[in-house]
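If you want the building blocks of each chain, they are given just below.
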Amino acid sequence: MNQSHVNDDMAIPESIEIQPSVRKPVIMVIDDDYAFRLQVRFTLENSGFMVVDVANGEEAIACFSANRPDLVLLDVIMPEMDGFMTCPAIRGLAGGAHTPVVMITALEDAETITRAFDAGATDFICKPIDMLILGYRIRYWLRSGAILNELKISQDRLFKAREVARLGHWQRHLDNDDFQLTCHTPEMLGLNQPCEYESFFANIVKDDRMLARKTIDDACQAGLPFRVEYRVILGNGCERVILNQGEVVGGGQQRLAVGTVQDITEMKQAEERIHYLAFYDHLTGLANRSLLREYWLKRLPHAQRSGKMIAVLFIDLDHFKRINDTLGHPSGDKALITVAERLQGILRHSDIVARTARDEATSLISRVGGDEFTIIATEITSPGQT
């Protein structure tokens with residue numbers, strides 16, 4: 001009988017745990033003192049960091065992108081290109097804008113420290129350096145830098161989202177009328193520079209201006225939330241629709257009105273397009289059966305309350321089928337369009353129901369079938385009225 005044997009040394013373990021490799025933070029040390037760089041390298045490598053050291057600013061700029069350090073220790077006093085020149089140069093490199101840069105200086109006067117921060121330094125440390133605590137301080141700077149970087153990234157994403165959504169945020173102090181606006185392109189929202197509270201109203205279409213101003217002012221005075229839509233004219237002459245909404249927060253001497261302004265032109269155009277497709281005949285542009293029913297249900301109770309009459313005219317085209325059969329459907333369509341235009345010419349333009357909610361109408365012309373039209377005329381006082 002054959003027996004199968006497995007060598008114990010070749011046994012496959014049940015599970016193998018692979019420890020993920022942890023990237024060590026990279027610290028760039030820029031100092032013209034070789035002995036100092038060697039001392040710092042020894043200290044930081046023993047503390048778990050990877051160290052890149054260079055002797056001057058030119059070398060640092062040349063190798064910065066290749067090493068992408070997490071933190072830079074930069075000596076102030078160096079020949080040719082000192083720390084005050086090197087720091088802004090690093091800030092201008094790809095990835096250097098948010099890298100923590102700590103200036104190393106033997107000078108503790110206020111002027112040197114001020115120059116260090118003006119040059120873009122994150123912090124400074126004075127020589128001689130206590131090597132026993134250097135590793136701890138670097139970990140603190142790295143944590144602080146990571147938090148600031150995350151905040152910066154979040155801010156950039158927020159600004160980008162606002163730009164894409166054409167959204168601005170505003171704040172108005174109700175006691176002293178101090179006003180602030182955060183917006184990438186305020187002119188695209190019809191706001192003037194410098195941005196002040198009055199900028200909201202300067203470019204609003206005249207017909208909407210009074211309502212917008214009253215809505216916002218009354219809400220701020222009463223401490224209530226508000227929402228108002230209005231049209232603005234941009235510098236290039238284009239008309240846009242703006243949504244302005246906000247609320248009052250705080251109390252006492254810290255009452256603030258905060259809100260947002262957003263360009264909703266495309267959304268309003270889409271709404272109007274959907275409304276048109278739902279309630280209007282695509283061939284003639286007249287109201288369809290759905291709008292006819294809605295208009296009738298709205299105007300009938302009004303006529304009953306006012307004691308006035310409603311006239312309903314039903315119009316059918318004779319022998320329309322013969323046009324389609326002999327001349328073709330394109331000719332039939334042209335006939336329907338011509339009839340629709342003539343019916344519209346019978347009524348005054350102001351009487352015909354409009355496509356927007358801004359207008360009022362006392363009459364409705366609709367196409368309810370292939371060759372069938374209906375006219376509803378309201379506000380009739382006598383059968384002989386014309």
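Please read all numbers here as calculations on a predicted model, not as lab measurements. (Residues numbered from 1 in each chain as written. Predicted model: local features only at pLDDT ≥ 70, side-chain atom pairs only at ≥ 80, totals over all residues. Heavy atoms only, no water.)

*Asks:* Which parts of the structure should I look at to understand the packing of aromatic side chains?
*Replies:* Remark: the centre distance and the inter-plane angle together describe each pair of aromatic rings, the angle taken between the planes. One pass over the full model with this rule turns up six aromatic pairs. Three or more aromatic residues joined by ring pairs form one cluster here, namely Trp170, Phe179, Tyr197, Phe201 and Phe226. When the ring centre of Phe84 is taken as reference, the NZ or CZ atom of Arg115 above it lies at 3.9 Å. Residue placement shows Lys127 over the ring face of Phe36; its charged tip is 4.7 Å from the ring centre. (Phe/Tyr/Trp six-rings, centres within 6.5 Å; stacked < 30°, edge-to-face > 60°. Lys NZ or Arg CZ within 6 Å of the ring centre and 35° of its normal.)

*Asks:* Can you walk me through helix H7 (residues 206–222) in this structure?
*Replies:* Since the α-helix advances by 3.6 residues per turn, residues separated by three or four positions end up pointing in the same direction. Between the first and last C-alpha of H7 there are 25 Å, a value that for 17 residues agrees with the 24 Å anticipated at 1.5 Å per step. Regarding H7, the residues found buried are Asp208, Ala212, Ile216, Ala219 and Cys220. Here the buried residues of H7 occupy an arc of 100° about the axis, which is enough to place them on one side. Residues of H7 that are exposed and angled more than 90 degrees away from the buried face: Lys206, Asp207, Met210, Leu211, Lys214, Gln221 and Ala222. (Helix = DSSP H or I, 4+ residues; strand = E, 2+ residues; numbered from the N terminus. Expected span 1.5 Å × (residues − 1). Buried < 20%, exposed > 50% of the residue type's maximum accessible area, 1.4 Å probe, protein only. Arc of directions from axis to C-beta.)

*Asks:* Just checking my understanding: could you explain the nonpolar core for this structure?
*Replies:* Membership of the largest hydrophobic core comes to 24 residues, with the highest contact counts inside it found for Trp170, Phe200, Ile216, Tyr230 and Val261. When residues of this core are traced back to their parent elements, those giving at least two are strand E7 (179–182), helix H6 (199–202), H7, strand E8 (226–233), strand E9 (239–249) and strand E10 (256–263). If near-sequence neighbours (up to four positions away) are discounted, Val261 is found in contact with Arg166, Leu167, Gly168, Trp170, Leu189, Leu191, Phe200, Tyr230, Ile242, Leu243 and Asn244. If you look at the next biggest cluster of nonpolar residues, it comprises 20 residues, including Val26, Val54, Phe84 and Ile90. (Core = buried A, V, L, I, M, F, W, Y, C linked by side-chain atoms within 4.5 Å. Contact = heavy atoms within 4.5 Å.)

*Asks:* How should I be thinking about the sheet that holds E7 in this particular structure?
*Replies:* Hydrogen bonds between backbone groups are what pair the strands of a sheet, and the pairing can be parallel or antiparallel. With antiparallel pairing, five strands are arranged side by side in an open sheet as E7-E6-E10-E9-E8. One side of each edge strand has no neighbouring strand; the edge strands of this open sheet are E7 and E8. The average undirected angle you get between the axes of adjacent strands in this sheet is 20°. This element, H7, spans strand E6 (167–173), E8, E9 and E10 of the sheet and lies at about 150° to E8. (Pairing = 2+ DSSP bridges. Axes fitted to C-alpha atoms, helices over the stretch in contact; angles between N-to-C directions.)

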